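Close look at the chain arrangement
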Amino acid sequence: MSGLNISLVLQPYTGNKRPHELSPAPELIYREAAKILKQEGVREFSKKTIQLTDKEKNEYGVWNRMGLANGHLSCEVAPLIRKKVFVLGLLGNCNSLSGMLAGLQNSGKPRKPISVGLIWFDAHGDFNTPETTLSGWLGGMPVAVAAGKCLHRLRKQAGLDPPISTRNIIMMGVRDVDPLEQELILKSSITTLSTKQVIEKNKIITDSLDQLSNRVEMLYVHIDLDVLDAAYIPGHNFEVSGGLTPTQLSAFLKLIMKLEKVKALGIASFPTVKYGRKKSMDSTKILIKGAVQGLKNRTCANSI
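What counts and what doesn't
Residues numbered from 1 in each chain as written. Predicted model: local features only at pLDDT ≥ 70, side-chain atom pairs only at ≥ 80, totals over all residues. Heavy atoms only, no water. Helix = DSSP H or I, 4+ residues; strand = E, 2+ residues; numbered from the N terminus. Rg over C-alpha atoms; globule rule 2.2 N^0.38 Å. Buried < 20%, exposed > 50% of the residue type's maximum accessible area, 1.4 Å probe, protein only. Contact = heavy atoms within 4.5 Å. Areas by Shrake-Rupley, 256 points an atom, 1.4 Å probe, with all protein chains shown as cover. Salt bridge = Lys/Arg side-chain N within 4 Å of Asp/Glu carboxyl O. Pairing = 2+ DSSP bridges. Axes fitted to C-alpha atoms, helices over the stretch in contact; angles between N-to-C directions. Expected span 1.5 Å × (residues − 1). Right-handed = clockwise from strand over helix to strand, strands pointing away.

Some points on the overall build of the protein
- When helices and strands are counted, the protein shows eleven helices and eight strands.
- Its C-alpha atoms give the protein a radius of gyration of 17 Å, within 12% of the compact-globule value 19 Å for 304 residues.
- With the C-alpha coordinates aligned to their principal axes, the bounding extent of the protein is approximately 45 × 45 × 40 Å.
- Relative to its full complement of 304 residues, the protein shows a buried share of 57%.
- In the protein, 73% of the contacts between residues at least 6 apart in sequence involve partners at least 24 apart.
- Accessible surface computed for the protein: about 13,200 Å², of which carbon and sulfur atoms make up 51%.

With respect to the pattern of salt bridges
- What the rule picks out here adds up to twelve salt bridges.
- Between Glu32 and Lys285 there is a salt bridge; the shortest N-O distance is 3.7 Å. Of this pair, Glu32 sits in helix H1 (residues 25–39) while Lys285 sits in helix H11 (residues 277–296), placing them 253 residues apart in sequence.
- Residue classification places Lys285 among the partly exposed residues on the basis of a relative accessible area of 28%.
- Here Lys285 makes a salt bridge to Asp282, at a shortest N to O gap of 4.0 Å. Taken together, the positions of Lys285 and Asp282, both in helix H11 and three residues apart, correspond to about one turn of that helix.
- Taking the relative accessible area as the measure of exposure, Asp282 reaches 29% and is therefore partly exposed.
- One continuous salt-bridge network, built from bridges that share partners, spans Glu32, Lys35, Lys278, Asp282 and Lys285.

Digging into the sheet that holds strand S4 (residues 116–121)
- Taken in spatial order, the eight strands make up an open sheet running S2-S1-S3-S8-S7-S4-S5-S6, and their pairing is parallel. The outermost strands of the open sheet, each flanked by one partner alone, are strand S2 (45–49) and strand S6 (191–193). Strand after strand, the sheet turns through a mean of 15° between neighbouring axes, direction not considered.
- By the bridge criterion, three bridges tie strand S5 (residues 169–172) to S6 in an arrangement that is parallel.

What to know about helix H3 (residues 62–82)
- Helix length check: H3, at 21 residues, gives a terminal C-alpha distance of 30 Å against a target of 30 Å (1.5 Å per residue), a fit within 8%.
- Looking one or two residues beyond H3, the residue adopting positive phi is Lys84, at roughly 65°.

Quick look at the pairing of strand S7 (residues 218–224)
- When you tally the buried positions in S7, you get seven out of seven residues, the bulk of the element.
- In S7, alternate side chains face the same way, and those of Met218, Tyr220, His222 and Asp224 on one face and Leu219, Val221 and Ile223 on the other are all buried.
- With six bridges connecting them, S4 and S7 associate as parallel partners. The partner of Leu118 across the bridge, within S7, is Tyr220.
- Bridge count between S7 and strand S8 (residues 262–268): six bridges; the pairing is parallel. Its bridge partner being in S8, His222 is matched across the sheet by Gly266.
- Each parallel crossover has a hand, and the one from S7 via helix H10 (residues 246–256) to S8 is right-handed.

Structure below.
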């Protein structure tokens, strides 16, 4: 497909303790994504896999190594965006958020950060801080980290400085939030949209996306696969009922990809357990296909 330039960037680091620090999920998805790109007429695309240096691999602390990996992720994404290459991030989990956002933020002129908006699809808000979390799990904090609410060193390791404004975050399909986390979301300027609103594609959705697109220079779309209904993503560590079907989300991705300011898409947290893996992969493939078809149909329109 002429004119469509895509790079698949694989980020296997998760921020979880060994032996799960490196996820096989990005490579598993890559094999199927490559087939989809070829089927959709994208004959040339690149693949990049994030790796730490030998010295960094021995650095103390799994969270610290996650920050270092996100720094490498940012350094891979930024030049691709600069060259007008669309980035499809295949991510071990949502802790890669800061690295993806930093790549967009740093893709402009030196010392002139680009304003970036976040479209967040997830069953969870991931807006906890160490003070509010019930689990203490880093994977419940990435949006709060990116927004400058906590763990500033991790964010700066990724190169995301300044943090993104909560005013420029839209959360979609969130339905499982901790009590104190919900308080933080309500006190912020985050726009939250329900699964029902996404399915209906009502005026609130289109207005919110148009307004966000008008406020920022670039947009990043992030999908934690647990935004799908649990029936379609078996084996996910945090599956939640009442979510979208793959077909519904795929149709919405086609709509979002119409926005020229969407420069990257991240797909995170593919369940790697063998039970249900085929069904989970089939769901993921539907999403990737929808996104690519949306990119192919892009026009110069600035709104949806």
